[in-house]
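# Observations on chain architecture
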Amino acid sequence: MGNKWFSALASFTASRIFVVMLILILTIIWGYAWVWMKIGLDYMGPLTFSALRFSVGALTLLLLLWGLRRLTFQNLHWKPLLILGLLQTTLVYALIMYGMRFVEAGKSSIILYTMPIWSSLLASYFLNEKLG
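Criteria and cut-off values
Sequence order as written defines residue numbering, which begins from 1 separately in each chain. Side-chain atom pairs in this predicted model are given and counted only at pLDDT of 80 or more, local residue features only at pLDDT of at least 70, and totals for whole chains, interfaces and linings cover all residues. Computation of side-chain values: all heavy atoms of the structure, hydrogens and water removed. Helix and strand definitions follow DSSP, with helices as H or I runs of at least four residues and strands as E runs of at least two, each counted in order from the N terminus. Per-residue and other accessible areas follow the Shrake-Rupley method at a 1.4 Å probe size, with only the shown protein chains counted as cover for residues. Buried means the residue's accessible area, taken with a 1.4 Å probe over protein chains only, is under 20% of the maximum for its type, while exposed means over 50%, and partly exposed covers the values in between. Patches in this entry comprise residues that are over 30% relatively accessible and not in a salt bridge; like charges within 9 Å are linked, as are nonpolar side chains (Val, Leu, Ile, Met, Phe, Trp, Tyr) within 5 Å. Each reported salt bridge corresponds to a side-chain nitrogen of Lys or Arg within 4 Å of a carboxyl oxygen of Asp or Glu. Confidence per residue, as judged by the predictor, is encoded in pLDDT with a range of 0 to 100.

To continue, consider the overall build of the chain. Helix and strand counts for the chain stand at five helices and zero strands. The linear arrangement of helices and strands in the chain, starting from the amino end, is α-α-α-α-α. As presented, the chain carries roughly 11,300 Å² of accessible surface, and 73% of it is formed by carbon and sulfur atoms.

A word on unusual backbone geometry. Its identity as a non-glycine residue notwithstanding, N128 has a phi of 55°, on the positive side. Note that N128 resides in the segment after helix 5 (115-126). Exposure remark for N128: the relative accessible area of 66% places this residue in the exposed category.

Quick look at a nonpolar patch on the surface now. A cluster of nonpolar side chains, namely I111, M115, I117, W118, L121, L122, Y125, F126, L127 and L131, defines an oily patch on the protein surface of about 1,100 Å² accessible area. The dominant element in the nonpolar patch, judged by the number of residues it contributes, is helix 5, at seven residues. With respect to the secondary-structure elements, L122 resides in helix 5.

Moving on, we get to the confidence of the model for the chain. With 89% of its residues at a pLDDT of at least 70, the chain reaches an overall mean of 82. Taken element by element, the chain is modelled with least confidence in helix 1 (residues 2-40), mean pLDDT 77, and with most confidence in helix 5, mean pLDDT 90.

Right, here's the structure in full:
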């Protein structure tokens, strides 16, 4: 009985350590991506860089989904998805890339990822929204 409990605990701990390590690796890669984006701006414009970046990402994901046989086109609303992808992702990062021409990579990442905090504080002040 005790051996099963120890085995389950060891398995849980090993899987938990694995997940923590994956999160740590992802955080390092994600954080260092800002440096690579800044370097990429030396070789191409911000709109070209963003278009290339998201085209490669979208194509990779589509091929992966197609390979896993998870890509279905039934009931897929192309127009809203395209508008959302262009405005929420591509345009935002194109503007970020444009701004990175004038600001360091670290400052731009901090500005971007603290935006929900600033938006909440400004909405509370100007729109009298309650923070909760």
